[in-house]
Amino acid sequence: MTRTALITGATSGFGAAAARRFARAGWKVVANGRRADRLGRLVDELGAGNVHPAVFDVRDAAAMRAALDALPEPFRDLDLLVNNAGLALGTQPAPRASLADWQTMIDTNITALVTLTHHLLPRLIERRGAIINIGSVAGSYPYPGGNTYGGTKAFVRQFSLALRSDLHGTGVRVTDIEPGMAHTEFTLVRTGGNQAASDKLYAGASSMTAEDIAEQIFYVATLPAHLNINRLEIMPVSQSFAGFQVHRG
Ligand code: NDP
Ligand code: 8X3
């Protein structure tokens, strides 16, 4: 039986890699993002019968609903929602951070994620489907400059667990995949397009790749129907934890 996934943020990074992984395995993929040109190239690469472009800003609830309500027949029966679209903005400590950046992260990583989830829950329950949210290690481990980004991902972790509880008995599975450092456009976006800063962060670090995370998304999505991975935390071997800091004087 053909299955269908909606993947948000499929123009880059994890989302684009996941769209390729699922489409090549025979799934139908609704690929979302704001950059229509990139979604067009994904459709050209994977085939219009396999990938449907859904161009909308996830923060625009009306556009989201319109796009999903207008899905063509072969893509309408969604079995999987991958809430991947998201971003970090800025690396400054809280007193020097931009409030507008904080609001953009909350709007994208939290408000849009819950709005889309709420909209699709009836369809997912009907099909005993699955939800995979992309959280982050930043939701569990604080680091300087992580402030609101980490806060949004902590929300994603707890919301995912709470959904599991509310969906008890429906057969719908919910997983929060929580990656550490992966080389995508994430740092380019976070630094406002600073390619040198992005290159410096990933240089020599053997970071995870977008394909590494896409493989985990696919693995979770294709487990036997009676299994639910609640949280999947994954880091590159090169990344680990540092201790508490102590200020004296
Ligand atoms: P990328 O910047 O490479 O990709 C982000 C994707 O999100 C893009 O496709 C972008 O599409 C989409 N997106 C952002 N804002 C919106 C919006 N308002 N509406 C629709 N789509 C949007 O980063 P990653 O692939 O690394 O990030 C994917 C997810 O993984 C994010 O939630 C991120 O927080 C999380 N994450 C990333 C880690 C990393 O180290 N890379 C580690 C842990 C978690 P477009 O701009 O075309 O709209
Ligand atoms: C991004 C992972 O380690 O850069 O969510 O905060 S990290």
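Structure shown above.
Here goes a summary of the coordinates provided. (Residues numbered from 1 in each chain as written. Chains lettered and ligands numbered in written order. Predicted model: local features only at pLDDT ≥ 70, side-chain atom pairs only at ≥ 80, totals over all residues. Heavy atoms only, no water.)

### Digging into helix α5 (residues 147–166)
Reasoning step 1: Between its first and last C-alpha atoms α5 spans 29 Å; for 20 residues at 1.5 Å apiece the expected length is 28 Å, and the two agree.
Reasoning step 2: Regarding α5, the residues found buried are T148, Y149, G150, T152, K153, V156, R157, F159, S160 and L163.
Reasoning step 3: On its buried side, α5 packs onto α4 (99–126), β5 (130–134), β6 (173–179), α6 (186–190) and β9 (231–234). (Helix = DSSP H or I, 4+ residues; strand = E, 2+ residues; numbered from the N terminus. Expected span 1.5 Å × (residues − 1). Buried < 20%, exposed > 50% of the residue type's maximum accessible area, 1.4 Å probe, protein only. Contact = heavy atoms within 4.5 Å.)

### What to know about the site of ligand 2
Reasoning step 1: In the vicinity of ligand 2, the residues found are S136, V137, A138, Y143, Y149, G180, F186 and Q239.
Reasoning step 2: Separating an oxygen atom of ligand 2 from a side-chain N or O atom of S136 is a distance of 2.6 Å. (Near = heavy atom within 4 Å. Polar contact = N/O pair within 3.5 Å; in protein donor to acceptor, adjacent residues only side chain to side chain.)

### As for the sheet that holds strand β2 (residues 28–33)
Reasoning step 1: Here seven strands make up an open sheet; going across it, the order is β3-β2-β1-β4-β5-β6-β9 and the pairing parallel. Only two strands of the sheet have a single neighbouring strand rather than two, namely β3 (51–55) and β9. Adjacent strand axes in the sheet meet at a mean angle of 15°, parallel and antiparallel pairs treated alike.
Reasoning step 2: α5 contacts β5, β6 and β9 of the sheet and is inclined by roughly 160° relative to β6.
Reasoning step 3: With respect to the sheet, helix α8 (residues 210–221) is in contact with β4 (80–83), β5, β6 and β9, its orientation differing from that of β6 by roughly 160°. (Pairing = 2+ DSSP bridges. Axes fitted to C-alpha atoms, helices over the stretch in contact; angles between N-to-C directions.)

### Regarding the site of ligand 1
Reasoning step 1: Residues in close proximity to ligand 1 total 31 residues, the closest being T11, S12, R34, Y149 and T184.
Reasoning step 2: Between ligand 1 and the protein, one listed contact pairs an oxygen atom with a side-chain N or O atom of T184 at 2.6 Å.
Reasoning step 3: In the complex, the protein chains occlude 96% of the 870 Å² of accessible area that ligand 1 would expose alone.
Reasoning step 4: Among the elements of the structure, α1 (13–24), β2, α5 and α6 are those that each provide at least two residues to the shell around ligand 1.
Reasoning step 5: Within the shell around ligand 1, the residues separate by chemical class into twelve nonpolar, 13 polar and six charged. (Areas by Shrake-Rupley, 256 points an atom, 1.4 Å probe, with all protein chains shown as cover. Nonpolar A, V, L, I, M, F, W, Y, C, P; charged D, E, K, R; others polar.)

### Points about the environment of R123
Reasoning step 1: For R123, the location among the structural elements is in helix α4.
Reasoning step 2: Of note is the side chain of R123, whose polar atom sits 3.5 Å from the side chain of D69.

### Focus on the packing of aromatic side chains
Reasoning step 1: Evaluated as defined, the whole model comprises five aromatic pairs.
Reasoning step 2: Taking the centre distance of 4.9 Å and the plane angle of 85° together, the rings of F22 and W27 count as edge-to-face. Grouping residues by exposure puts F22 and W27 together as buried.
Reasoning step 3: Through pairs of rings, three or more aromatic residues link up here, namely F22, W27 and F218.
Reasoning step 4: Taking NZ or CZ as reference, R21 lies 3.9 Å from the ring centre of F218, over its face. (Phe/Tyr/Trp six-rings, centres within 6.5 Å; stacked < 30°, edge-to-face > 60°. Lys NZ or Arg CZ within 6 Å of the ring centre and 35° of its normal.)

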